[in-house]
Amino acid sequence: MARDSQAALVALNRFGLGARGGASGDFVNAASDPRGFVKAELDRPNGALLEAPGLQSTPALAQEVFAYQLEQKQAREAAAKSGTATPPPEANPAPSAADDKMQRRNLSLDRMAMEMSPKESAKEPAKASAENANAAMTPADAMQPNAQKPPQSPLNVIQKTFRAEALARLQRASLVDCGFTERLVVFWSNHFCISANKGGLARMWAGSFEREAIRPHVLGRFADMLKAVEQHPAMLFFLDNQQSLGPDSRAGQNRNRGLNENLAREIMELHTLGVGGGYSQDDVTSLARIITGWTFAGRQGKLGTPGVFVFNANAHEPGPQRLLGQLYEDNGVAQGEAALGFIARHPSTAKFVATKFARHFVSDDPPPALVARLRDVFSKTDGDLKALAIALLDSDEAWQAPPTKLRSPYEFVVATGRLLSQMPQDPSRYLGGLNLLGQPLWSPAGPNGFADTNAAWAAPEGMKLRLDISAQVASRLADNVDPRDLLELAVADAASPETRRTIERAESRQQALALLLMSPEFQRR
């Protein structure tokens, strides 16, 4: 079979996470059968699932965080009585002040470069130690000859859990052959996003939410993923459904509290039908009534094991509800499950999902014929997401579209590590890079997730930060890699004459590697 380098570049960059360095042979394998190379991941049993030592279930994590919160509360109460200092807050430290922005930027760049570079040579331990020490200093510290870095507070259970989940995800992304399945996980996780910034529970559950509600269904049915997502404690907490009480329910009457429409609105606007998908405010209110009582068991375990999804009949709005022209009888949790099943199969959902799917992988303005084909596959297969992915890979439009989309920060960071044959060992360096580039892991600013268009990532400041990261990484690799060899591994003869000439004429290996990481062939997909 003839070798197709251009299609190999599409396979690895548009659908995957980029070629790995070393002896992986990713580009050669992709060039021999581009579509087969990408599709191969879809046939691996349980290929989307992620299991790693130390990763726990949502209920187990709930028990840990509830115990930690109780411990913190008791410590604060004891401190208040004795007049001593109070313990630190439970969750993430607050962002630094604006005047500290440049300091944090420089530290993040250096940390990311350290993580992505090979280990320092054993021949120069003193030099390595000095570099690491300087990297840890603030600008003010660097001006003091005997300045010492203040000791860092030990990580609490929430921070440790988040880092463990992040490391497992990054390591999986670094190991896979093509990365198409991982790209699907990232897409659906962003589609059904929560934000770890919501609070301690959201940060504790961000990884388990993806492992339990997204990964098992990435190649399954959309309706099953929708149900798993909306009944997951992380989503219920993120969109406050545990606070929603039916106005005529026993709990609603006793507490003089009513509906919270957050989850119902985002189900319709962001998860299924989309804006203009044929629903009204009355439908939002009806769905909010239908899913009252959908909550999770809390610290005291009155409704069940802490951290599990439960249906609280005392909080559920009694009586039948009309939604999108359909009448749903009051039969407990099944009322909401039936409503979700209907919405999952609605024509507007098929159109919304198909458009968003094509926009993510192909172009900001995807070909209408491709969107229509994906919509029809979604509808005819009852939302079979594997069939949707195969239809995308079988479409000529997806392979022939020019590489106009910019890699997201996550894709850029992971692709850089893969090309340099680095297995992440400390997630903080990657997490710092993602924070710097504006895509903090599992932490979008709102329920609509991170933007999926070039306008979000191609701003001059964002490109300058990518250049800074590329330069920092390259500054530590001058004697360890040959950028010309990496160009062959990542792009081969798909490289444009301009890119090849630019790298060959670079003044140093450092400059050549930075230029490779910033080249159109590496940045665009």
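Quick notes on the rules
Residues numbered from 1 in each chain as written. Predicted model: local features only at pLDDT ≥ 70, side-chain atom pairs only at ≥ 80, totals over all residues. Heavy atoms only, no water. Helix = DSSP H or I, 4+ residues; strand = E, 2+ residues; numbered from the N terminus. Buried < 20%, exposed > 50% of the residue type's maximum accessible area, 1.4 Å probe, protein only. Contact = heavy atoms within 4.5 Å. Areas by Shrake-Rupley, 256 points an atom, 1.4 Å probe, with all protein chains shown as cover. Salt bridge = Lys/Arg side-chain N within 4 Å of Asp/Glu carboxyl O. Phe/Tyr/Trp six-rings, centres within 6.5 Å; stacked < 30°, edge-to-face > 60°. Expected span 1.5 Å × (residues − 1). Axes fitted to C-alpha atoms, helices over the stretch in contact; angles between N-to-C directions. Parallel < 35°, antiparallel > 145°, perpendicular 65-115°, else oblique. Left-handed = near helix turned anticlockwise from the far one by under 90°. Nonpolar A, V, L, I, M, F, W, Y, C, P; charged D, E, K, R; others polar. pLDDT = per-residue confidence, 0-100. Polar contact = N/O pair within 3.5 Å; in protein donor to acceptor, adjacent residues only side chain to side chain.

## Comments concerning the overall build of the chain
Within the chain, the secondary structure is distributed over 28 helices and four strands. Sorting the 525 residues of the chain into buried and exposed places 52% on the buried side. Considering only residue pairs separated by 6 or more positions, the chain has 73% of its internal contacts joining residues 24 or more positions apart. Working note: accessible area of the chain is about 23200 Å², and carbon and sulfur atoms make up 51% of it.

## With respect to the pattern of salt bridges
Opposite charge on two side chains permits them to pair, given that their charged atoms come into close proximity. Taken as a whole and judged by the stated rule, the model has 28 salt bridges. For Lys-464, the salt bridge goes to Asp-468, with nearest N and O atoms at 2.8 Å. Of this pair, Lys-464 and Asp-468 are both found in helix α24 (residues 460–475), four residues apart, which corresponds to roughly one turn of the helix. You can call Lys-464 partly exposed: its relative accessible area is 38%. Of the residues examined, Asp-468 reaches a relative accessible area of 14% and is grouped as buried.

## Quick notes on the packing of aromatic side chains
All chains considered together, the criterion is met by 17 aromatic pairs. Note on Phe-15 and Phe-180: the rings are 6.0 Å apart at their centroids and 85 degrees apart in plane angle, and the pair reads as edge-to-face. Of this pair, Phe-15 sits in the loop between α1 (5–14) and α2 (26–32) while Phe-180 sits in helix α9 (residues 180–191), and the two are 165 residues apart along the sequence. Each member of the pair Phe-15 and Phe-180 is classed as buried. A ring pair is formed by Phe-187 and Phe-357, whose centres lie 5.4 Å apart and whose planes are at 80 degrees; its orientation type is edge-to-face. Here the residue Phe-187 occupies a position in helix α9, and Phe-357 occupies one in helix α17 (residues 347–361), the gap between them amounting to 170 residues. The burial state of Phe-187 is the same as that of Phe-357; both residues are buried.

## Quick look at helix α16 (residues 333–344)
An α-helical turn contains 3.6 residues, so a residue and the one three or four places further along point in the same direction. Along its 12 residues, α16 runs 17 Å from first to last C-alpha, staying within 8% of the 16 Å computed at 1.5 Å per residue. Those residues of α16 not exposed but buried are Gln-335, Gly-336, Ala-339, Leu-340, Gly-341, Ile-343 and Ala-344.

## Re the packing of helix α25 (residues 483–490) against helix α26 (residues 497–504)
One way to put it is that α25 packs onto α26 with a least axis distance of 10 Å and a crossing angle of 160 degrees. In terms of axis orientation, α25 runs roughly antiparallel to α26. Relative to α26, the crossing made by α25 is right-handed. Judged by residue contacts, Pro-483, Arg-484, Leu-487 and Glu-488 of α25 engage Thr-499, Arg-500 and Ile-503 from α26. Here the residues of the contact of α25 with α26 sort into three nonpolar, one polar and three charged.

## Brief notes about the side chain of Thr-499
Tracing the chain through its elements places Thr-499 in helix α26. Excluding anything up to four places from it in sequence, Thr-499 contacts Leu-487, Ser-519, Pro-520 and Glu-521.

## Quick notes on the confidence of the model for the chain
Per-chain confidence: the chain averages 89 in pLDDT, with 87% of residues scoring 70 or above. For residues 91–104, every residue scores under 50 in pLDDT, and the model assigns this stretch 10 contacts once sequence neighbours within four places are set aside. Confidence over residues 117–147 falls short of pLDDT 50; this stretch has 21 contacts with residues more than four positions distant or in other chains.

## A look at the environment of Phe-27
Along the chain, Phe-27 falls in helix α2. Phe-27 sits 463 residues away from Ala-490 along the chain, and the two C-alpha atoms are 6.5 Å apart. If we ignore the near neighbours within four places in the chain, the residues touching Phe-27 are Arg-3, Ser-5, Ala-8, Leu-9, Leu-12, Leu-489, Ala-490, Val-491, Ala-492 and Ala-494.

## Quick notes on the environment of Gly-383
Looking at where Gly-383 falls in the secondary structure, it is placed in the loop between α18 (368–380) and α19 (385–394). For the pair formed by Gly-383 and Arg-221, sequence separation is 162 residues and the distance between their alpha carbons is 5.2 Å. Not counting the four nearest positions on each side in its chain, Gly-383 is found in contact with Gly-220, Arg-221, Phe-222 and Phe-378.

## Side note on α24
Between the first and last C-alpha of α24 there are 22 Å, a value that for 16 residues agrees with the 22 Å anticipated at 1.5 Å per step. Listed as buried for α24 are Leu-465, Arg-466, Asp-468, Ile-469, Ser-470, Val-473 and Ala-474.

## Details of the side chain of Arg-183
Relative to the elements of secondary structure, Arg-183 occurs in helix α9. Given the relative accessible area of 1%, Arg-183 is considered buried. A polar side-chain atom of Arg-183 sits 3.4 Å from the main-chain carbonyl oxygen of Asn-13. Leave out the neighbours within four places in its chain, and Arg-183 touches Asn-13, Arg-14, Phe-15, Gly-16, Leu-17, His-360, Phe-361, Glu-411 and Arg-525.

## Here we look at unusual backbone geometry
Within the chain, Asn-46 stands out as a residue other than glycine whose phi angle is a positive 55 degrees. The residue Asn-46 is located in the loop between α3 (34–39) and α4 (58–82) in this model.

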